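Residues per chain are reported as follows:
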Amino acid sequence: MSKSLDTDKLEREVKSMYRDVAEFSDGEFHFEMGRELAERLGYDPEDLSYVPDPAIDSFAGVGYHFDLAAIHPGESVLDLGSGSGMDLFVAGMHVTETGTVTGVDMTDEQIRKAQKLAEKNGFHNVDVRHGHIEALPFDDESFDVVISNGVINLSAEKGRVFEEAYRVLKPGGRLALSDIINESQMPESIKNNEDLWAACIGGAEQVDRYTALIEQAGFEVRDVQDNTQYEFISDQAVNACQTYGVKSISLSARK
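First, a word on what this report is: a plain description of the structure on this page. (Residues numbered from 1 in each chain as written. Predicted model: local features only at pLDDT ≥ 70, side-chain atom pairs only at ≥ 80, totals over all residues. Heavy atoms only, no water.)

### Things to note about the pattern of salt bridges
- What the rule picks out here adds up to 11 salt bridges.
- A salt bridge links R167 to D140; its shortest N-O distance comes to 2.8 Å. Remark: D140 occurs in the loop between β3 (126-130) and β4 (143-149) and R167 occurs in helix α8 (residues 158-168); sequence separation between them is 27 residues.
- On the basis of relative accessible area, R167 is assigned to the partly exposed category, the value being 23%.
- Judged by relative accessible area, which is 52%, D140 ranks as exposed.
- For R222, the salt bridge is made with E220, and the minimal N-O distance between the two is 3.4 Å.
- Assessed through its relative accessible area of 46%, E220 is described here as partly exposed.
- Salt bridges here are not isolated pairs; linked through shared partners, they connect D140, R160, E163, E164 and R167. (Salt bridge = Lys/Arg side-chain N within 4 Å of Asp/Glu carboxyl O. Helix = DSSP H or I, 4+ residues; strand = E, 2+ residues; numbered from the N terminus. Buried < 20%, exposed > 50% of the residue type's maximum accessible area, 1.4 Å probe, protein only.)

### Brief notes about helix α7 (residues 108-120)
- When the terminal C-alpha atoms of α7 are compared, their 18 Å separation across 13 residues agrees well with the 18 Å that a helix rising 1.5 Å per residue should span.
- Every buried residue of α7 is accounted for by E109, Q110, I111, K113, A114, L117 and A118.
- Count one or two residues on from α7 and you reach G122, which has phi positive near 75°. (Expected span 1.5 Å × (residues − 1).)

### Re the packing of aromatic side chains
- According to the stated counting rule, one finds eight aromatic pairs in the structure shown.
- Centre to centre, the rings of Y43 and F59 are 5.2 Å apart; their planes meet at 75°, and the pair counts as edge-to-face. Separated by 16 residues along the polypeptide, Y43 in the loop between α2 (35-41) and α3 (45-48) and F59 in the loop between α4 (53-57) and α5 (66-69) bring together distant segments of the chain.
- Here K255 stacks its cationic end above the ring of Y166, 4.7 Å away from the centre of that ring. (Phe/Tyr/Trp six-rings, centres within 6.5 Å; stacked < 30°, edge-to-face > 60°. Lys NZ or Arg CZ within 6 Å of the ring centre and 35° of its normal.)

### Concerning the packing of α8 against helix α11 (residues 207-216)
- The geometry of α8 relative to α11 is characterised by a closest axis approach of 8 Å and an angle of 40° between their N-to-C directions. Taken together, the axis directions place α8 and α11 in an arrangement best described as oblique. As for the relative orientation of α8 and α11, their crossing is right-handed in sense. Contacts between α8 and α11 involve K158, G159 and F162 from the first element and Y210, L213 and I214 from the second.
- Of the residues contributing to the contact of α8 with α11, the split by class is four nonpolar, one polar and one charged. (Axes fitted to C-alpha atoms, helices over the stretch in contact; angles between N-to-C directions. Parallel < 35°, antiparallel > 145°, perpendicular 65-115°, else oblique. Left-handed = near helix turned anticlockwise from the far one by under 90°. Contact = heavy atoms within 4.5 Å. Nonpolar A, V, L, I, M, F, W, Y, C, P; charged D, E, K, R; others polar.)

Okay, structure coming up:
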């Protein structure tokens, strides 16, 4: 993390951007959103047919990792940065009524939207909590699986995020995520730009450093895959991707 990055301002920028994602899914962002993106990334249209449309409209994920997560009926799943609930509802179908899915997010508008959609659409096994992914409000060894989609790059304390994920997972638990990384070091002008952090670019970690942070938390990294179907759409974001190798990956790890 750059010492020049204003983390308080970063949090305000992230909350502002994802408040808009929740409330104005047809707005202009650095990134694509919605059903077409989800299907291109690999989401099963059959699964999406059970997901409430407003959650799909506000989907701003960067990859697909449910194949890596291999979620089974009856398991307990935690979604880091659960947003409007797209992955919560997909996971809810995978665990069936015998399992549970819990989301954690720091943006009130996203939480309210996901909670309302869960209640309205009968997802009784889905819950959402307010919190920060660097300090999870859950007991040790509470979950079988931790998932996350396009969120951890937004944190200025990624090592802490992985330590917390490790803490709340049961022995043998799985981590499966999609996120934005880069292949070469970015300049301070990008890494200190809170708007580009909020757009999932400024906080992108170099891939080797990213996997090292996961391993330092105690995990064994099992699989790392490029998500070639994912692309940013604003000129500023596209230029950063072309210059510094910013891209999306999905990975799995085990405790």
